[in-house]
Amino acid sequence: MFIGKIVSASSHIDYVCQVFAKGEAEVVPEPSDYGFGQFVAIEAADGSSLVGLVHNTSLLNPEFGNLGPRLSPHEDLAVFAPDYLSEQATLVAILVVGLLDAHLQARQGVPSIAAHPDARARALARAEIDAFHRAHGHLQMAYLPLLTGLQSALAPSLLEQTFALLSTLFPADSARINVLRANVAWRARILPTG
Amino acid sequence: MSELPIGTTKGPGETPQDYTFVTPDPEQRCKYGEFVYYDAAIDGQQRAILGRITQRLPLRLYPDTFMSDPAVPPQAVADLLAYPRDDSELYQITATILGYYDEGLGFVNPRVPPRPGAPIYIAPDALLGEVLCRATPGQRGAVHIGSLLSRPTDAVPIALDATGFTSTHLAIIASTGAGKSYLAGVILEELMQPHNRAAVLIIDPHAEYDTLSEMQNNPAFADGEYRAVVRVIRPQDIQVRVSSLDLGDLRYLLPNLSDKMHHELGQAYNRVRRKYGERWTRGQFRTTLLEGEAGRPVTDPNEEVDATIGALVWRFNSVMEHSAIFNDHTNIPLSDLFCPGQCTVLQLNEIPDREQQVVVATLMRRLFEARKDTERGRAKDDDENYLPYPAFVLIEEAHNFAPANAEIITTQVLKQILSEGRKFGVSIGLISQRPGKLDSDVLSQCMTQCIMRIVNPVDQARVAESVESVGRDLLLELPALSKGQVIVAGASVNTPLMVRVRQRLTPHGAENPDAPAEWAAWFDDARTRARQRGRALPPGFIETAPGRDDLLR
Ligand SMILES: Nc1ncnc2c1ncn2[C@@H]1O[C@H](COP(=O)(O)OP(=O)(O)OP(=O)(O)O)[C@@H](O)[C@H]1O
Ligand SMILES: [Mg+2]
């Protein structure tokens, strides 16, 4: 199920996706489909998809601060002005961390190709998340430096959330994940608070 | 070895022998002095490379501000942040490599530190039991003094190898009350058990070893025909034949000699030996003194004598005639003092210091000469100085017999035994609470060291300079040791060890006096009640009532 379309990119791996609003897609995505830390796939060339993580959300609302006179109440607009298009939108930032080709072969890290404008993004299914992370039967997170290098206050939380998700998907690797998780938690929670 | 690793190698330490590893150590097993190992292939063979923990540093310290309320532990603050408690502890441990154990060579350092990331294991009890000490408790030559301090009591028994300290000597050093005499008692018990049957003597200036006699009634000290013998020689039974004194002893014993007296004494000593040989009496010595160099016979007892000679005779008499220990003909036979399976306690209490020193000097000299003569075939069975077995002598208050910065009569013979004794099977164990007051050469020649709690910095420094085999890291532990804990190092163990001394089988003879209890007992005593009664009676009756004199008698 698609959550939205790519509208912009601030770098080769950092995309902005506009979430489909009512009328823009057959099924309108639920907020949980594009929540923080969600693994998503962005359609790319030859059946492969860029795999990314939702790492930020922003809201677009031109009416904010516009307190001028209005002809009719908001609810009546659809009736009285059917050509009036809603210009409110939810934007999510997606950090691309790898690529899944048409045969579900994963390549972690910065992909060579980029997404084109209007490429659609969808939430990754559990099986795909598993496929993306499994190398020789074990968990692999070669893209982790891309997350830790993210210049954002949300980066530690993104890491912790990703670790938590992968611990449940890869219980055999949870001890390894825990080593990293504890370290991130110590540096993100304890040290800055002291 | 199947155990789970305790930590992971981080990298090299400060010295080539050190490495560091990181561990969460939830059970606090990485104590100071604990033994750990890593596996390495040495000449194609997998070996456990042992090391000892010398430092422990926490890596994750809670921010200071988490501790601003003493009633709130920092973990509780971390709980607030939903930080899991178990994850906070992480330590960097420094370990010093001892090496792998080779039956023939002892510990061999492989000179390869562990690979970074290599797993580190806590050494299992059984492994330590095999490699830390050569001796196995209960077997010949084993002196089982206790168990490894970093493990539960008796998990890793530690036994000194008696062949080590009975050839290259022993020192027991600690502040007062640390448990030196107790440990000495344990060592003596072990030496007297059927598996050792040693010939030992203990110089006991405070009469605190007579409780060892209990060994004679304890089945642990008997086996078949064998039964340990304990012989306590009371001060009044000590006998020193004057002719076993040498010139140095005489000079030391006689007070305030002038140069001229020294000269006359020396002359007379040589003459008396020329005339009467090895055995002379006090009377013969006096006569020799009075006869002078010319050998003029003394005929008139009232004849004026030279003032110097007179003074010398007077001094000689005052020491030799008024002391209970000197006599003309008898020494305690060496074979009474030393015999395999016998522990002799030589009590020196109530004997003045100088005489104690003379007793020890003459005894040690006789022992050493006898062993030399016997080994070289110069003494035969029945000879007074025939002693066909090695002997071990423990000396309490050793600083009185080999003081620092002074050469007294015992110093020389002790030094001689320390340097040559091993050839002739004479060994000594020195016990002292003031290593700072002990001759440093003497201390450094004791190749097995038992060091207990030492607080005084001067004493610590002396130990550090004289005892090479104990590493700096262990010396730092000295003030922190408790009663009955000992660092053993040197020739009788494979590596320095921290040991918890075992319980004595016989009672300890030097229990600390309990003055408040004795004061209290005085009041409970019937005599006291009687005294109260006596005081309460009217004055006229005091004569007949049990009065002060009765009480104080
Ligand atoms: N291993 C031990 N287990 C139990 N008690 C001990 C042990 N070692 C020593 N003690 C007790 O500690 C006290 C002092 O011990 P000890 O007499 O051996 O001290 P010390 O070092 O010889 O002292 P000093 O210098 O006064 O001779 C004694 O009461 C003894 O019972
Ligand atoms: Mg003592």
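Predicted model only: the values in this text are computed from it and were never measured. (Residues numbered from 1 in each chain as written. Chains lettered and ligands numbered in written order. Predicted model: local features only at pLDDT ≥ 70, side-chain atom pairs only at ≥ 80, totals over all residues. Heavy atoms only, no water.)

What about the environment of A:Ala172?
Line of reasoning, step 1. Residue position: A:Ala172 is located in the loop between α4 (155-169) and α5 (174-193).
Line of reasoning, step 2. Sequence spacing of A:Ala172 and A:Leu139 is 33 residues, and the spatial spacing of their C-alpha atoms is 8.9 Å. (Helix = DSSP H or I, 4+ residues; strand = E, 2+ residues; numbered from the N terminus.)

Examining the pattern of salt bridges
Residues and elements named next belong to chain B.
Line of reasoning, step 1. Inspection of every chain in the model, using the stated rule, returns 33 salt bridges over all chains.
Line of reasoning, step 2. Measuring nitrogen to oxygen at the nearest pair gives 3.5 Å for the salt bridge that ties aspartate 336 to arginine 231. Separated by 105 residues along the polypeptide, aspartate 336 in helix α9 (residues 334-337) and arginine 231 in strand β14 (residues 229-233) bring together distant segments of the chain.
Line of reasoning, step 3. For aspartate 336, a relative accessible area of 27% corresponds to the partly exposed category.
Line of reasoning, step 4. We note a salt bridge from glutamate 321 to arginine 282, for which the minimum N-O separation is 3.6 Å. Here glutamate 321 is found in the loop between α8 (307-320) and β16 (326-327), whereas its partner arginine 282 is found in helix α7 (residues 282-291), with 39 residues between them in sequence.
Line of reasoning, step 5. Look at glutamate 321 and you get partly exposed, because its relative accessible area is 35%.
Line of reasoning, step 6. With a relative accessible area of 11%, arginine 282 lands in the buried category. (Salt bridge = Lys/Arg side-chain N within 4 Å of Asp/Glu carboxyl O. Buried < 20%, exposed > 50% of the residue type's maximum accessible area, 1.4 Å probe, protein only.)

Some remarks on the pairing of strand β20 (residues 448-451) of chain B
All names here are of chain B.
Line of reasoning, step 1. Of the two faces of β20, the one lined by Thr448 and Cys450 and the one lined by Gln449 and Ile451 are each fully buried.
Line of reasoning, step 2. Inspection of the sheet shows strand β10 (residues 170-173) paired to β20 by four bridges, in the parallel sense. Following the sheet pairing, alanine 171 is matched in β20 by glutamine 449. (Pairing = 2+ DSSP bridges.)

Here's the deal with the packing of aromatic side chains
Geometrically, a pair of aromatic rings is defined through the distance of the ring centres and the angle of the planes.
Line of reasoning, step 1. Here the structure, examined in full by the defined rule, presents 13 aromatic pairs over all chains.
Line of reasoning, step 2. Centroid distance B:Tyr19 to B:Phe21: 6.3 Å. Interplanar angle 35°. Geometry classified as tilted. Pair check on accessibility: B:Tyr19 and B:Phe21 agree, each one buried.
Line of reasoning, step 3. Within the aromatic cluster, the residues linked to one another by ring pairs are A:Trp186, B:Tyr62, B:Phe66 and B:Tyr83.
Line of reasoning, step 4. Just above the ring of A:Phe2 sits the side chain of A:Arg120; from NZ or CZ to the centre is 3.9 Å.
Line of reasoning, step 5. The ring of B:Tyr91 has B:Arg56 lying over it, and the distance from NZ or CZ to the ring centre is 3.9 Å. (Phe/Tyr/Trp six-rings, centres within 6.5 Å; stacked < 30°, edge-to-face > 60°. Lys NZ or Arg CZ within 6 Å of the ring centre and 35° of its normal.)

Some details on the domain arrangement of chain B
Residue and element names in this part refer to chain B.
Line of reasoning, step 1. Taken domain by domain, chain B holds domain 1 (7-131), domain 2 (142-238 + 332-501), domain 3 (242-325) and domain 4 (516-551).
Line of reasoning, step 2. Counting residues at the interface gives 17 residues for domain 1 and 13 residues for domain 2.
Line of reasoning, step 3. Summed over both sides, the interface between domain 1 and domain 2 buries roughly 1,100 Å², with carbon and sulfur atoms accounting for 50% of that surface.
Line of reasoning, step 4. Contact with domain 2 buries surface across domain 1, with Phe35, Arg52 and Asp125 losing the most and accounting together for 39% of the total.
Line of reasoning, step 5. Between domain 1 and domain 2 we count three salt bridges in total.
Line of reasoning, step 6. Aspartate 125 is paired through a salt bridge with arginine 151; the nearest N and O atoms lie 2.6 Å apart.
Line of reasoning, step 7. The tally of links from domain 1 across to domain 2 stands at nine residue pairs in polar contact (both at pLDDT 80 or more). (Domains from an automatic or database assignment. Contact = heavy atoms within 4.5 Å. Buried area = accessible area lost by both parts, 1.4 Å probe. Polar contact = N/O pair within 3.5 Å; in protein donor to acceptor, adjacent residues only side chain to side chain.)

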